[in-house]
Amino acid sequence: MSTWRNWAGTESATGVEILRPSSTDELAAMVKAAAEQGKKLKAVGAGHSFTGCSVPEQVMVRMDRLSSIVNADKESGRVTVGAGTGLRKLNAGLAAFDLAMANLGDIDKQTISGAISTGTHGTGARLGGLATQVVALDLVTADGSVLHCSADENPDVFAAARVSVGALGVISSLTLQTVPAFLLRAQEMPLPLTEVLDGFDELADGNDHFEFYWFPHTDLALTKRNNRVAAGVGASPVGRVRGWIDDELLSNKVFEFTNRVAVRQPGLVPRINRIASRALSAREYVDASYTVFCSERNVIFRESEYAVPRENVVDVIRRLREWIDASGARIPFPIEVRVAAADDIWLSTAQGRDTAYVAIHQYHRLAHTAYFDAFERIVSDYNARPHWGKLHTLTAADLRTRYPHFEDYLAVRARLDPTHTFTNPYTRQIFG
């Protein structure tokens, strides 16, 4: 028995039973025993979700002993990994086989199963989220069965389980379709926000990976363009000193300090943001893909992220800016915008439509409710879908209208877990 708390400090659990299986068979036996005793069970990865998706009510399954590359076929690019494998460990392991994930998010602290189960994504107009790179998985259900799922075997479970919010069972392993390791040229530069919004489609479609960060109360956005390099181009990474200044000193230590100033003197936030946006100088470098994709983020915050049809994202940013300017709110954290291609996963935020993601943040010591509620009201006009691991207030009644396969998902859940072994307050909120 112990206390568990997620990274952001938004969720915790005390006095829960902790299980740490070392194999799929051991996991299956543990799940079956808990279910037969009527206990509610949740698997927990790195605890990097802001929502209560992985909060256990009675039994917590820690997946850290199922955290290795089980098999890697370099020729086909298919790699099977334990569900508890952290993304940082996975990326390093793939690099040893000269392989890589085709797309990644911007942090690597999650486990692979946690990342796919909540719909974690990167950015790229022609690329999907992490779950689209899963070609098979093993799912332990409440009766102790182990279902092997793919497009050919248990295809309905596969469509539901790749983004499942942990409500179908416990994933024990996944098979990923990787690609040969590749280098990315990163080009980072500040641009006027108006220029970025006016040219958004050209920027999104004209780069392999594009995103931008806009600092509220300013007219500047930091743009990031990551593109594969031509054959024969070698790595030219950021220098050690420049990397420390940009990525550790400015992005973490100084940023933590400025946010603490914002707590004491909120009236200074517009000035702080103007200084911060101008301090971001342009830089260009070439490095291994996963090094370019992922960055270190140590400042604790609250986050809400919604997926909107890509054609609506510029309207969303303009309306959000209008609300911030009119409200008197002080927002020291930038707003992040990314894109993804449509996919066919039932509960994916990009299911059936090309998508743009808008993520808003607030420092953990500052009030966020009014800001996040306003954001939620704005995006609701665009049939927006919330990131499953980030803060939102939607319920099953709201979500049912936003996901064409919502009822299909619930039908699979009812079949696999009729007694709702894998439930908790969050799944009751979103699934009823």
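Heads up: the structure comes first, above all this text.
Residues numbered from 1 in each chain as written. Predicted model: local features only at pLDDT ≥ 70, side-chain atom pairs only at ≥ 80, totals over all residues. Heavy atoms only, no water.

Draft legend 1. How the structure looks around the layout of surface pockets. What the second largest pocket holds in volume is close to 160 Å³. Lining the second largest pocket, in full, are Thr10, Glu11, Phe50, Thr51, Gly52, Val55, Leu391, His392, Pro425, Tyr426 and Gln429. Classifying every residue of the lining of the second largest pocket gives 5 nonpolar, 5 polar and 1 charged. (1 Å grid on protein atoms, 1.4 Å probe; cavity = no way out; pocket = protein on both sides within 12 Å on 5 of 7 lines; lining within 4 Å. Points joined across faces, edges and corners; volume = space filled by probe spheres on them. Nonpolar A, V, L, I, M, F, W, Y, C, P; charged D, E, K, R; others polar.)

Draft legend 2. Structural view of the pattern of salt bridges. Overall, the coordinates contain 25 salt bridges when judged by the stated rule. Close ionic contact of Glu188 with Arg283 constitutes a salt bridge, the shortest N to O distance being 2.8 Å. One end of the pair, Glu188, is in strand β12 (residues 183-192); the other, Arg283, is in strand β15 (residues 283-288), and 95 residues separate them in sequence. Each member of the pair, Glu188 together with Arg283, is buried. Lys390 is the salt-bridge partner of Glu305, the closest N and O atoms lying 3.6 Å from each other. Of this pair, Glu305 sits in strand β16 (residues 301-309) while Lys390 is found in the loop between β19 (385-386) and α12 (396-400), placing the two residues 85 residues apart along the sequence. For Glu305, a relative accessible area of 1% translates into the label buried. (Salt bridge = Lys/Arg side-chain N within 4 Å of Asp/Glu carboxyl O. Helix = DSSP H or I, 4+ residues; strand = E, 2+ residues; numbered from the N terminus. Buried < 20%, exposed > 50% of the residue type's maximum accessible area, 1.4 Å probe, protein only.)

Draft legend 3. Region of the structure containing the sheet that holds strand β8 (residues 134-140). Pairing is antiparallel in the open sheet, where 5 strands are placed in the order β5-β6-β10-β8-β9. Each edge of the sheet is formed by a strand with only one pairing partner; in this case those strands are β5 (69-73) and β9 (146-150). The mean angle between the axes of side-by-side strands here comes to 15°, regardless of whether they run parallel or antiparallel. Bridge count for β5 against strand β6 (residues 78-82) is 4 bridges, and the pairing is antiparallel. (Pairing = 2+ DSSP bridges. Axes fitted to C-alpha atoms, helices over the stretch in contact; angles between N-to-C directions.)

Draft legend 4. Broad picture of unusual backbone geometry. Non-glycine residue Asn154 carries a positive phi angle of around 50°. Among the secondary structure elements, Asn154 is positioned in the loop between β9 and α4 (155-161). Positive phi, normally seen in glycine, also occurs at His217, with a value near 75°. Within the secondary structure, His217 is located in the loop between β13 (209-214) and β14 (220-228).

Draft legend 5. View of the state of the cysteines. One pass over the full model with this rule turns up 0 disulfides. Among the cysteines around Cys53, which has no disulfide bond, Cys294 carries the closest sulfur, lying 19 Å off. Given the relative accessible area of 6%, Cys53 is considered buried. What makes Cys294 buried here is its relative accessible area of 12%. (Disulfide = S-S within 2.5 Å.)

Draft legend 6. Fine view of the nonpolar core. If you look at the biggest cluster of nonpolar residues, it comprises 119 residues, and the most contacted ones within it are Ile112 and Phe212. Each residue touching Phe212, except ones within four places of it in the same chain, is listed here: Leu193, Val196, Leu197, Phe200, Ala221, Leu222, Thr223, Ile335, Glu336 and Val337. Of all hydrophobic cores here, the second largest spans 6 residues; its members include Trp4, Val16, Val55 and Met60. (Core = buried A, V, L, I, M, F, W, Y, C linked by side-chain atoms within 4.5 Å. Contact = heavy atoms within 4.5 Å.)

Draft legend 7. Representation of helix α2 (residues 87-96) within the structure. Restricting attention to buried positions, one finds in α2 the residues Leu87, Leu90, Asn91, Gly93 and Leu94. Burial along α2 is one-sided: seen end-on, the buried residues are contained in an arc of 165°. Structurally, α2 contributes buried residues whose contacts are with β5, β6, β7 (99-100), α3 (112-117), β10 (170-177) and α9 (289-293). With its phi angle positive at about 60°, Asp98 sits one or two positions after the end of α2. (Arc of directions from axis to C-beta.)

Draft legend 8. Summary view of the side chain of Thr421. Of note, Thr421 is situated in the loop between α13 (406-416) and α14 (425-431). Thr421 gets classed as buried once you look at its relative accessible area, which sits at 2%. Aside from chain neighbours lying at most four places away, what touches Thr421 is Ala35, Lys39, Lys40, Leu41 and Ala142.

Draft legend 9. Spatial organisation of the packing of helix α10 (residues 313-327) against helix α11 (residues 369-380). Between α10 and α11, the least distance of the axes is 10 Å, while the angle of their chain directions is 145°. Between α10 and α11 lies a crossing of right-handed hand. In this structure, α10 contributes Val316, Arg319, Leu320, Trp323 and Ile324 to the contact, and α11 contributes Ala370, Tyr371, Ala374, Phe375, Arg377, Ile378 and Val379. For the contact of α10 with α11, the per-class residue count stands at 10 nonpolar, no polar and 2 charged. (Left-handed = near helix turned anticlockwise from the far one by under 90°.)

Draft legend 10. Up close: the pairing of β6. Counting buried residues in β6 gives 4 out of 5 residues, a clear majority hidden from the surface. Hairpin geometry of β5 and β6 is characterised by an intervening segment of 4 residues between the two adjacent antiparallel strands and by a positive phi of about 80° at Gly77. With 5 bridges connecting them, β6 and β10 associate as antiparallel partners. Bridge assignment links Val81 to a residue of β10, and that residue is Leu174.

Draft legend 11. Spatial organisation of empty space enclosed by the protein. The full count for this structure, using the stated rule, is 2 cavities of 30 Å³ or more. Here the largest cavity defines a volume of roughly 660 Å³. Lining the largest cavity are 42 residues, and of these Ser49, Gln110, Gly114, Ala115 and Thr118 sit closest to its centre. No other element matches α3, which puts 4 residues into the lining of the largest cavity. In terms of residue class, the lining of the largest cavity is made up of 15 nonpolar, 19 polar and 8 charged. Each pocket or cavity is described by its volume, and for the second largest cavity that value is around 70 Å³. Every residue lining the second largest cavity is counted, 15 residues in all, and those nearest its centre are Gly119, Thr120, Gly129, Asp343 and Ser348. Across the lining of the second largest cavity, the residue classes tally to 6 nonpolar, 8 polar and 1 charged.

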